[in-house]
Amino acid sequence: MKTYRVGGAVRDTLLGYPHQEIDWVVVGSTPEQMTAAGYTQVGRDFPVFLHPDTKEEYALARTERKSGPGYHGFTVHADPSVTLEEDLERRDLTINAMAMDGDGVVTDPYGGQADLDAKILRHVSTHFVEDPLRVLRVARFAARYHHLGFIVAEKTLRLMAEIVAAGELPHLSTERVWVETEKALSEKNPEIYCQVLFDCGALQALMPEVAASNGISALTRAAPHTPLAVCRWAALLADLPEARARRASERLKAPSDFTLLAARVAQLRPQLKAALKSGEDCMAVLKALDALRREEPFGGFCGTLAALEQNSADAVGAVSTLRAAREAAKTVKAADFTDQDVAGPALGAAIEAEQIKRVGEIIK
Ligand code: ATP
Ligand code: MG
């Protein structure tokens, strides 16, 4: 039995890029041997185990063949006779299909090092088309390594387009699509994820509203100015009418804070300039953001706004006015009205009138 580092750990080591986790492949072993050595099996469909101490993933070398439609239509074959080269062949990209042993010796049967040098994301074999998740993974790696000069190989992009045209994307669970999308939103160039998906037709299938909008250029502008996935998501959907932004977000089952922020940015950003001219309208914006009671989505709204305008003086000014208006409104307390003999709805109205007055003083 022999173990090798594989996948991202090898790729990023050779690239001199930081990586978090190490994936391992085990050749010449059986599930029984692994459990006897103290590993815990985690894969239901695949023979994957967790190391007793490090909790890193150790997968038995395996081959996979597509045997039916959808993500579960795979025949997995793992036994001690499966070689390292056979295991590497089932992987998505050549740069992800290298292994390294304990002495640092690299096994690279599919030209991964050459593609790292040439900065190309290239499929290992035409079996690439057997798993539609790879469309999203390749787009995500393109987003991550774009700043180093990496691009998707032409032939690989064609295979991605084939996967899309064959109607394979709907076989992916929404959860998997969102996991990839959220990871991509945190990469250095999240707009490249969307652009690559657009280039192979996947964006049109997964996020039709975005594909038909200027969302990608909005995200291109905003991304360097905010590292937050939630703000980047709102930037991508910012140019849509509120209902369409909400629909796009809900279709991907984005978390509720993502959908809420996207909807509020789409709804309130067009009115903001005018709202900052009147205490009443400004107060309405603060209330729509629930800003007097909660930090979010107010904070995300301000962050997205500034990022979309690339921290222009106007945008920074608008955000600081909004923040000052919020603080002014918060200074109004129900206790201030105890001597006025008002209660219930009348008290609410008195408080709001006072809030509008103080906000009005800030913005004039
Ligand atoms: P990251 O840095 O995001 O962890 P990674 O390449 O390590 O990148 P993982 O999802 O951890 O990605 O997968 C580890 C390895 O398993 C990959 O490098 C690749 O070789 C293989 N792999 C993972 N998912 C797929 C897939 N859907 N199709 C083919 N190979 C895959
Ligand atoms: Mg990994």
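Residues numbered from 1 in each chain as written. Chains lettered and ligands numbered in written order. Predicted model: local features only at pLDDT ≥ 70, side-chain atom pairs only at ≥ 80, totals over all residues. Heavy atoms only, no water.

Observations concerning the nonpolar core
Then, number 1: Counting 89 residues, the largest nonpolar core has Trp233, Phe301 and Leu322 as its most contacted members.
Then, number 2: By residue number, the principal contributor to this core is helix H5 (residues 133-145), which donates 9 residues.
Then, number 3: Residues Tyr4, Val25, Leu88 and Ala97 belong to the second largest nonpolar core, which totals 11 residues. (Core = buried A, V, L, I, M, F, W, Y, C linked by side-chain atoms within 4.5 Å. Buried < 20%, exposed > 50% of the residue type's maximum accessible area, 1.4 Å probe, protein only. Helix = DSSP H or I, 4+ residues; strand = E, 2+ residues; numbered from the N terminus.)

Topic: the site of ligand 1
Then, number 1: The local shell around ligand 1 holds 15 residues, among which Arg11, Asn96, Asp131, Arg134 and Arg144 are the closest.
Then, number 2: Considered on its own, ligand 1 offers 590 Å² of accessible surface; in the complex 80% of this is hidden by protein.
Then, number 3: Taken together, the elements giving at least two residues each to the shell around ligand 1 come down to helix H1 (8-15) and H5.
Then, number 4: The element contributing the most residues to the shell around ligand 1 is H5, with 5 residues.
Then, number 5: Residues belonging to the shell around ligand 1 are distributed by class as follows: 1 nonpolar, 3 polar and 11 charged. (Near = heavy atom within 4 Å. Areas by Shrake-Rupley, 256 points an atom, 1.4 Å probe, with all protein chains shown as cover. Nonpolar A, V, L, I, M, F, W, Y, C, P; charged D, E, K, R; others polar.)

Concerning the packing of helix H17 (residues 313-330) against helix H18 (residues 344-363)
Then, number 1: For the pair H17 and H18, interaxial distance at closest approach is 8 Å and the crossing angle is 145°. Between H17 and H18 lies a crossing whose hand is right-handed. Counting all contacts with H17, which are made through Thr321, Ala324, Ala325, Ala328 and Ala329, the residues of H18 involved are Gln355, Arg358, Val359, Ile362 and Ile363.
Then, number 2: Among the residues making up the contact of H17 with H18, the classes are represented as 7 nonpolar, 2 polar and 1 charged. (Axes fitted to C-alpha atoms, helices over the stretch in contact; angles between N-to-C directions. Left-handed = near helix turned anticlockwise from the far one by under 90°. Contact = heavy atoms within 4.5 Å.)

With respect to the packing of aromatic side chains
Then, number 1: For the coordinates displayed, the defined rule picks out 7 aromatic pairs.
Then, number 2: Each ring, one from tryptophan 178 and one from tryptophan 233, has its centre 5.0 Å from the other, and the planes form 80°; the classification is edge-to-face. Taken together, the residues tryptophan 178 in helix H7 (residues 174-185) and tryptophan 233 in helix H12 (residues 229-236) connect sequence positions 55 residues apart. With respect to class, tryptophan 178 is no different from tryptophan 233; both count as buried.
Then, number 3: When the ring of tryptophan 178 is compared with that of phenylalanine 258, the centres are 5.3 Å apart and the planes differ by 85°; the resulting orientation is edge-to-face. On the criterion of sequence distance, the pair formed by tryptophan 178 in helix H7 and phenylalanine 258 in helix H14 (residues 256-275) is long-range, its members being 80 residues apart.
Then, number 4: The ring of phenylalanine 46 carries the charged tip of arginine 62 above its face, separated from the ring centre by 4.3 Å. (Phe/Tyr/Trp six-rings, centres within 6.5 Å; stacked < 30°, edge-to-face > 60°. Lys NZ or Arg CZ within 6 Å of the ring centre and 35° of its normal.)

Here we look at the sheet that holds strand S4 (residues 48-50)
Then, number 1: Spatial ordering of the open sheet is given by S3-S4-S5-S2-S1-S8-S9, a layout of 7 strands whose pairing is mixed. Among the strands making up the open sheet, the edge pair consists of strand S3 (40-41) and strand S9 (106-107).
Then, number 2: The pairing of strand S8 (residues 99-100) with S9 spans 2 bridges and is antiparallel. Bridge pairing links alanine 99 to threonine 107 in S9. (Pairing = 2+ DSSP bridges.)

Observations regarding the side chain of aspartate 101
Then, number 1: With respect to the helices and strands, the residue aspartate 101 is situated in the loop between S8 and S9.
Then, number 2: A distance of 2.9 Å separates the side chain of aspartate 101 from the backbone nitrogen of aspartate 103, its partner in a polar contact.
Then, number 3: Separated by 2.9 Å, the side chain of aspartate 101 and the backbone nitrogen of valine 105 make a polar contact.
Then, number 4: Beyond its immediate stretch of four places on either side in the chain, aspartate 101 contacts Lys2 and Tyr4. (Polar contact = N/O pair within 3.5 Å; in protein donor to acceptor, adjacent residues only side chain to side chain.)

What to know about the environment of aspartate 53
Then, number 1: For aspartate 53, the position within the fold is in the loop between S4 and strand S5 (57-60).
Then, number 2: The exposure class assigned to aspartate 53 is exposed, which follows from its relative accessible area of 64%.
Then, number 3: Separated by 15 residues in sequence, aspartate 53 and glycine 38 place their C-alpha atoms 9.2 Å apart.

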